[in-house]
Amino acid sequence: MLTQDDIKQKLGIFAADFIKQDMFIGLGTGSTVYYLLRELGKRKKDGLHFTAVCTSVQTQNILKEEDIAFVTLDDVEKLQLAIDGADEVDINGNLIKGGGGALLQEKIVESNADELIIIVDEKKNVETLGAFPLPVEVIRFGWKQVQQKIENRYNIKVALRTKDGKPFITDHQHFILDCYFNSIPNPAQLNTDLHLLPGVVETGLFTGMATQIVTGYSNGNIAVRDL
Ligand code: 5RP
């Protein structure tokens, strides 16, 4: 039986095979993608060349350690592929992302990629999204009003994300509200509705974006689901 970390490592190495010579790629954020980035460092030394756009400062920092150059999204016409993790994946391939707080740049980068491959361990596959609290990135000004509006409209708990006793601040200097929906039967509609609230910058609902879900199992198997 593999540990969760072993599964993530296996997924990272497996996903590196999707990246071919001279591709333009978007690189996600998180502890699963971490292993992909380390593997890309090795492959770069063996001659693999690609142009990377990062989804977070965290990912940029790992690429610097691996001596892999990166550019910004404005420097490329389009991306052929993006690879990222997720916090939940439903049966239709809709995602909750943003557990690591990088949802805004992830969504911008990944919506500009022809393909989006999601790498997750088996525990993240669910029938309906929502057990994982939905991250919603908000402007700092007036965040409490947005929190109250979401709480009242959906009758749920909404918590300001904190780190070391202070509000967590995203790469783009915003706050994150973690919304305890429990069940999100219509993620596309909820994404649209939340976007209508003034102060909401982005939601962690990635609907209709993933093109492949790669799932790692504790028995060592890896399954690829095309969407
Ligand atoms: C960061 C994300 C991550 O992809 C998501 O949280 C999964 O991370 P991990 O691979 O560490 O479980 O959306 O904003």
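What comes next concerns the included structure.

About the criteria used
- Residues numbered from 1 in each chain as written.
- Predicted model: local features only at pLDDT ≥ 70, side-chain atom pairs only at ≥ 80, totals over all residues.
- Heavy atoms only, no water.
- Pairing = 2+ DSSP bridges.
- Helix = DSSP H or I, 4+ residues; strand = E, 2+ residues; numbered from the N terminus.
- Salt bridge = Lys/Arg side-chain N within 4 Å of Asp/Glu carboxyl O.
- Axes fitted to C-alpha atoms, helices over the stretch in contact; angles between N-to-C directions.
- Near = heavy atom within 4 Å.
- Polar contact = N/O pair within 3.5 Å; in protein donor to acceptor, adjacent residues only side chain to side chain.
- Nonpolar A, V, L, I, M, F, W, Y, C, P; charged D, E, K, R; others polar.
- Buried < 20%, exposed > 50% of the residue type's maximum accessible area, 1.4 Å probe, protein only.
- Phe/Tyr/Trp six-rings, centres within 6.5 Å; stacked < 30°, edge-to-face > 60°.
- Lys NZ or Arg CZ within 6 Å of the ring centre and 35° of its normal.

## Section: the pairing of strand E16 (residues 222-226)
Across five bridges, the pairing between strand E15 (residues 212-216) and E16 is antiparallel. Its bridge partner lying in E16, Gln212 is registered against Asp226. Where E15 folds back onto E16 in an antiparallel hairpin, the turn is made up of five residues, including Gly220, whose phi is positive at roughly 100°.

## Concerning the pattern of salt bridges
A full pass over the atoms with the stated rule returns 12 salt bridges. Among the salt bridges present, the one from Glu65 reaches Arg38, with a minimum N-O distance of 2.7 Å. Here Glu65 is found in helix H3 (residues 57-65), whereas its partner Arg38 is found in helix H2 (residues 33-45), with 27 residues between them in sequence. Here Asp84 makes a salt bridge to Lys97, at a shortest N to O gap of 2.9 Å. Here Asp84, found in strand E4 (residues 79-84), pairs with Lys97, found in the loop between strand E6 (95-96) and helix H4 (103-110); they are 13 residues apart in sequence, far enough to count as distant. Through salt bridges that share partners, Asp17, Glu39, Lys42 and Arg43 make up one connected network.

## Let's talk about the sheet that holds strand E8 (residues 134-138)
One open sheet accounts for four strands, arranged E9-E12-E8-E13; its pairing is antiparallel. For this open sheet the edge positions go to strand E9 (157-160) and strand E13 (200-203), each flanked by a neighbour on one side alone. Ignoring strand direction, the axes of neighbouring strands in this sheet form an average angle of 30°. Direction of pairing for E8 relative to E13: antiparallel, over a ladder of three bridges. When the sheet's bridge partners are listed, Val136 is paired in E13 with Thr203.

## Thoughts on the site of the ligand
Near the ligand lie 17 residues; those nearest to it are Ser31, Thr32, Asp87, Gly98 and Lys124. One of the backbone N or O atoms of Gly98 is found 2.8 Å from an oxygen atom in the ligand. Tallied by class, the residues present in the shell around the ligand amount to three nonpolar, nine polar and five charged.

## Here we look at unusual backbone geometry
With the exception of glycine, the majority of residues adopt a negative phi angle, and the majority of peptide bonds are in the trans configuration. Even without glycine at this site, Asp164 takes up a positive phi of about 50°. Within the fold, Asp164 resides in the loop between strand E10 (162-163) and strand E11 (166-167). Backbone geometry places Gln173, a non-glycine residue, at a positive phi of 70°. Classification of Gln173 as partly exposed rests on a relative accessible area of 46%.

## Structural notes on the packing of aromatic side chains
Summed over all chains, the structure comprises four aromatic pairs. A centroid spacing of 6.1 Å and a plane angle of 75° characterise the contact between Trp143 and Phe175, whose relative ring orientation is edge-to-face. Residue Trp143 is found in helix H5 (residues 143-154), and its partner Phe175 is found in strand E12 (residues 175-180); the two are separated by 32 residues along the sequence. You can call Trp143 buried: its relative accessible area is 18%. On the basis of relative accessible area, Phe175 is assigned to the buried category, the value being 8%. Here Tyr154 and Phe181 contribute two aromatic rings whose centre-to-centre distance is 5.2 Å and whose plane-to-plane angle is 70°, an arrangement assigned as edge-to-face. Of this pair, Tyr154 sits in helix H5 while Phe181 is found in the loop between E12 and helix H6 (187-195), placing the two residues 27 residues apart along the sequence. We note Arg161 situated over the ring of Phe168; from NZ or CZ to the ring centre the distance is 5.6 Å.

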